[in-house]
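Secondary and tertiary structure notes
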Amino acid sequence: MTREFLKMHGLGNDFVVIDARNTPYQPSEAEVRAIANRRTGVGCDQFIVLEPSDAPGASGFMRIRNADGGEVGACGNASRCVGWLLMEESGGDRVTFQTAAGLLHASRADNGRITVDMGPARLDWSEVPLAGPADTLRVEAVAHAGYAGPVAVSMGNPHAVFFVDDVDAVPLDDIGAALEHHPFFPERANIEFAQILSPTSIRMRVWERGAGITQACGSGSCATQVAAVRRGLTERKADVILDGGTLTIEWTEDNRVLMTGPVAVSFSGRLSAGL
Ligand SMILES: N[C@H](CCC[C@H](N)C(=O)O)C(=O)O
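Residues numbered from 1 in each chain as written. Predicted model: local features only at pLDDT ≥ 70, side-chain atom pairs only at ≥ 80, totals over all residues. Heavy atoms only, no water.

You'll find the protein chain entered in an unreviewed UniProt entry as Diaminopimelate epimerase, with Azospirillum cavernae given as the organism. Word for word, the UniProt comment on the protein chain under Function (unreviewed entry) is "Catalyzes the stereoinversion of LL-2,6-diaminopimelate (L,L-DAP) to meso-diaminopimelate (meso-DAP), a precursor of L-lysine and an essential component of the bacterial peptidoglycan." Under Subcellular location (unreviewed entry), UniProt gives the following word-for-word description of the protein chain: "Cytoplasm". (UniProt positions renumbered as here; feature names shortened; annotations may be inferred.)

The following block contains the structure:
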């Protein structure tokens, strides 16, 4: 059997997207790894399957798999891509869809950009989760290679945000994996290094759980802005400047995190063999 897919990206964080709302599709971890492989497969950071949803008002369920095959609860850049696809399909300018972390609401913004309400920031240690009670504003138990005390926050997936003076000086290739797998993160973690440029702009680089260094991370940008506001470093709305481009993130007073940025379709294709 073969399946059509769309190759999409948000600021270079790229996805293979399959619409399985009419024909169920639950690939194994090995299948996802093979598709995500940039040498022998299509190549992507995350593999997205759109499934039927029985949640009232939801147009579908977005299943998120990392390149290592694991299923995760949030993927901001892919959420903008799926939101755009669903709005193109309905002709509307807002849409709701389900993820493992809850309902997301997407809407059209200016210049072809998409805004997704990524839901609340989860701030308690047990929600990240961490291995034990800790002050998530500065997790002293997490230290490696001279970096210590990140802010821990969940956007439906775990993040550890380190604030540094110069992100480009951080040897992310060398230390990302050790931090992702730090024992204080029982479900591993996405690792962000952030440099405050002004009260309304942050430069950030990311090592993603299950994917490594990516060009951009939407949920990581949300986590970074929440962390910066909690530390008193930025206003509630700021631009996060990533290797692949810029996202605008607002953490509202009623604890919703709104992410705005572009989406792009790279190409379409067909997957075959064992699908
Ligand atoms: N690139 C995604 C994040 C994927 C998170 C995934 N790496 C995880 O394990 O949680 C984003 O734009 O939010």
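1. Observations regarding the site of the ligand
Looking at the ligand, there are 15 residues lining it, with Asn-13, Gly-76, Arg-209, Gly-218 and Ser-219 nearest. At 2.7 Å, a side-chain N or O of Asn-13 approaches a nitrogen atom of the ligand. Measuring from an oxygen atom of the ligand, one finds a side-chain N or O atom of Ser-219 at 2.6 Å. For the ligand, the accessible surface in isolation is 360 Å², of which the surrounding protein chains cover 100%. A majority-of-atoms criterion places the ligand in the largest cavity. Of all elements in the fold, only α2 (76-90) and α4 (218-230) reach the threshold of two or more residues within the shell around the ligand. A per-class count over the shell around the ligand returns four nonpolar, nine polar and two charged. Lining the shell around the ligand are residues from two domains, each supplying at least three of them: domain 1 (4-118 + 262-270) and domain 2 (140-255). (Near = heavy atom within 4 Å. Polar contact = N/O pair within 3.5 Å; in protein donor to acceptor, adjacent residues only side chain to side chain. Areas by Shrake-Rupley, 256 points an atom, 1.4 Å probe, with all protein chains shown as cover. 1 Å grid on protein atoms, 1.4 Å probe; cavity = no way out; pocket = protein on both sides within 12 Å on 5 of 7 lines; lining within 4 Å. Sits in = over half its atoms within 2 Å of the grid points. Helix = DSSP H or I, 4+ residues; strand = E, 2+ residues; numbered from the N terminus. Nonpolar A, V, L, I, M, F, W, Y, C, P; charged D, E, K, R; others polar. Domains from an automatic or database assignment.)

2. Here's the deal with the nonpolar core
In terms of nonpolar packing, the biggest core is built from 47 residues, with Ile-48, Met-62, Phe-97 and Val-257 touching the most fellow members. In terms of domain composition, this core takes at least three residues from each of domain 1 (4-118 + 262-270) and domain 2 (140-255). If near-sequence neighbours (up to four positions away) are discounted, Ile-48 is found in contact with Phe-15, Val-16, Val-17, Ile-18, Met-62, Arg-63, Ile-64, Ala-78 and Val-82. Judged by nonpolar contacts, the second largest core, of 20 residues, contains Tyr-147, Ala-152, Phe-162 and Val-164. (Core = buried A, V, L, I, M, F, W, Y, C linked by side-chain atoms within 4.5 Å. Buried < 20%, exposed > 50% of the residue type's maximum accessible area, 1.4 Å probe, protein only. Contact = heavy atoms within 4.5 Å.)

3. Let's talk about the side chain of Gln-46
Position of Gln-46 among the secondary structure elements: in strand β3 (residues 46-51). Among the polar contacts listed, one links the side chain of Gln-46 to the side chain of Glu-208, at a separation of 2.7 Å. With sequence-adjacent residues up to four places away left out, Gln-46 is seen in contact with Asn-13, Asp-14, Phe-15, Val-16, Ile-64, Arg-65, Asn-66, Cys-75, Glu-208 and Ala-211.

4. So, the pairing of strand β13 (residues 190-198)
Remark: a regular strand shows side chains that alternate across the two faces of the sheet. Inspection of the sheet shows strand β12 (residues 158-163) paired to β13 by five bridges, in the parallel sense. Bridge pairing in β13 links Ala-160 to Ile-191. Handedness of the crossover is the feature at issue here: the chain leaves β12, passes through helix α3 (residues 172-180), returns alongside β13, and the resulting connection is right-handed. In this structure, β13 lies alongside strand β14 (residues 201-208), joined through seven bridges in antiparallel fashion. Directly across from Phe-193, in β14, lies its bridge partner Arg-205. Hairpin geometry of β13 and β14 is characterised by an intervening segment of two residues between the two adjacent antiparallel strands. (Pairing = 2+ DSSP bridges. Right-handed = clockwise from strand over helix to strand, strands pointing away.)

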